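A look at the structure
Each chain, letter by letter, is given below.
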Amino acid sequence: MSRRFDQKIEVCICTYRRASLIDTLRSIDRGVAKMPISILVIDNDDTPSAQSATDAFTVTSDLAVAYMHCPGANISIARNAALSHARGRYLAFLDDDETAGPDWLVHLERTMATTSAPVVLGPVQAVYDEDGPKWMQKADLHSTGPVFVGGQIKTGYSCNVMIDREHPAFHDLSFPLELGRSGGEDTAFFTEAYDRGARIAFSPNAVVYEPVPPERARFAWLAKRRYRMGQTHGRLLLRRASAMSTLQGGALALGKTIYCAVEALVTSYSPMRRNRAVLRGCLHAGTFSAHLGLRNLELYGQNNKGVTP
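Residues numbered from 1 in each chain as written. Predicted model: local features only at pLDDT ≥ 70, side-chain atom pairs only at ≥ 80, totals over all residues. Heavy atoms only, no water.

1. What about the sheet that holds strand β4 (residues 90-94)?
Spatial strand order, β3-β2-β1-β4-β10-β6-β11: 7 strands in an open sheet with mixed pairing. Each end of this open sheet is capped by a strand with a single partner; those strands are β3 (64-69) and β11 (200-202). Recorded for the sheet is a direction-independent mean angle of 20 degrees between the axes of neighbouring strands. As defined by bridge partners, β4 adjoins strand β10 (residues 160-164) across 5 bridges and the pair is classed as antiparallel. In the sheet register, alanine 92 faces β10, and the bridge partner there is methionine 162. Strand contacts of helix α1 (residues 21-31): β1 (9-15), β2 (37-43) and β4, with the helix running at about 165 degrees to β1, the strand carrying the most contacts. (Pairing = 2+ DSSP bridges. Helix = DSSP H or I, 4+ residues; strand = E, 2+ residues; numbered from the N terminus. Axes fitted to C-alpha atoms, helices over the stretch in contact; angles between N-to-C directions. Contact = heavy atoms within 4.5 Å.)

Written out as structure tokens, the structure reads:
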């Protein structure tokens, strides 16, 4: 553990074997100007592999930086450690393969101040290699943003978010350990926060950038991720479902999967439209699998490249 200071905002970065962590840290340093912040790096590797990069950054920066080793290759362990050990009232989460855009944190803070929402999401803009599949770049399938339902955002993500943890919704709330290897733990966390009364706002100018490495610029990776997202969505639906609604939900998910398969056949002339239909089908297939009680895919902590959901 290195230096600790009480600051207004604490940026929390959960990391697992990613050399890009140093770029993430440097982007924060460039973009916060004189904002009173601190940084907490939570290393989820079995060995403290991120400590040297964190220490190297600390030497070159005036920001208050702390390092924690929380082994387990379970992202929920790392996220919960951030909730337990960070000292700031406002916590901003950023992934270890992202870089913060100019005034990223300024925009998050400004939106929280103007809306009084205890959760503010920012967009994650994917950055594709020019050699990547053209249909994938055109569809921009790796970028992340909120989903509006009836004008409201009812869940969130941890790759670009700021929370006011003094809001009652966050009292005793934690990221579910059972989703820490499959992914979807942040969806469950923010869905529960919303259900407890936490309003979620969106700050469109609080942009962070995420490169798409070759291993992710593949249809198979996207299909697996969509399937897992469907599994998470299905399990969240099942929490409140009666026996009858469970049957109806499963039938609806199966019907949507079949519809997407038909749509993919009809639009087979267009790689982008066909693949979008197949990926939507994977999402609904994942929801159907949750209704069948099938086990979640495990996407986190699988190799030394830091594969995360």
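2. As for unusual backbone geometry
Positive phi, close to 60 degrees, is recorded for aspartate 103, a residue that is not glycine. Note on aspartate 103: relative accessible area 38%, which makes it partly exposed. For aspartate 140, which is not glycine, the phi dihedral falls at a positive 50 degrees. Looking at where aspartate 140 falls in the secondary structure, it is placed in the loop between α5 (134-139) and β8 (148-149). (Buried < 20%, exposed > 50% of the residue type's maximum accessible area, 1.4 Å probe, protein only.)

3. Some thoughts on the nonpolar core
Core analysis: the largest hydrophobic core is formed by 64 residues, its most contacted members being Val11, Ile28, Ile37, Ile39, Ile42, Trp104 and Leu105. Filtering out sequence-adjacent residues up to four positions away, leucine 105 remains in contact with Ile9, Val11, Val32, Met35, Ile37, Ala92 and Met162. Listed in part, the 14 residues of the second largest apolar core include Trp135, Ala139, Ala217 and Cys282. (Core = buried A, V, L, I, M, F, W, Y, C linked by side-chain atoms within 4.5 Å.)

4. Considerations on the packing of aromatic side chains
Applying the stated criterion across every chain yields a total of 6 aromatic pairs. For the pair phenylalanine 170 and phenylalanine 189, a centre-to-centre distance of 5.8 Å together with 25 degrees between the ring planes defines the contact as stacked. Residue phenylalanine 170 is located in the loop between β10 and α6 (185-195), and its partner phenylalanine 189 is located in helix α6; the two are separated by 19 residues in the primary sequence. Judged by relative accessible area, which is 1%, phenylalanine 189 ranks as buried. Judged by centre distance (4.0 Å) and plane angle (10 degrees), the rings of phenylalanine 175 and phenylalanine 189 are stacked. One end of the pair, phenylalanine 175, is in the loop between β10 and α6; the other, phenylalanine 189, is in helix α6, and 14 residues separate them in sequence. Across this residue pair, the class does not change: phenylalanine 175 and phenylalanine 189 are buried. (Phe/Tyr/Trp six-rings, centres within 6.5 Å; stacked < 30°, edge-to-face > 60°.)

5. What to know about the sheet that holds strand β7 (residues 124-127)
Taken together, the 3 strands give an open sheet; going across it, the order is β5-β12-β7, and neighbouring strands pair in mixed fashion. Here the strands that pair on one side only, and so sit at the sheet edges, are β5 (99-100) and β7. Pairing geometry for β7 and strand β12 (residues 208-211), over 4 bridges, is parallel. Considered in β12, the bridge of glutamine 125 is made with tyrosine 209.

6. A few points about the packing of helix α7 (residues 219-240) against helix α9 (residues 271-292)
Close contact between α7 and α9 brings their axes to 6 Å; oriented N to C, the two are set at 40 degrees. Relative to α9, the element α7 lies oblique. Our pair here, α7 against α9, has a crossing hand that is right-handed. Across the interface between the two elements, Phe219, Leu222, Ala223, Arg226, Tyr227, Met229, Gly230, Gln231, His233, Gly234, Arg235 and Leu238 of α7 pack against Asn275, Val278, Leu279, Cys282, Leu283, Ala285, Gly286, Thr287, Ser289, Ala290 and His291 of α9. Tallied by class, residues from the contact of α7 with α9 come to 12 nonpolar, 9 polar and 2 charged. (Parallel < 35°, antiparallel > 145°, perpendicular 65-115°, else oblique. Left-handed = near helix turned anticlockwise from the far one by under 90°. Nonpolar A, V, L, I, M, F, W, Y, C, P; charged D, E, K, R; others polar.)

Read these as geometric descriptors, not functional statements.
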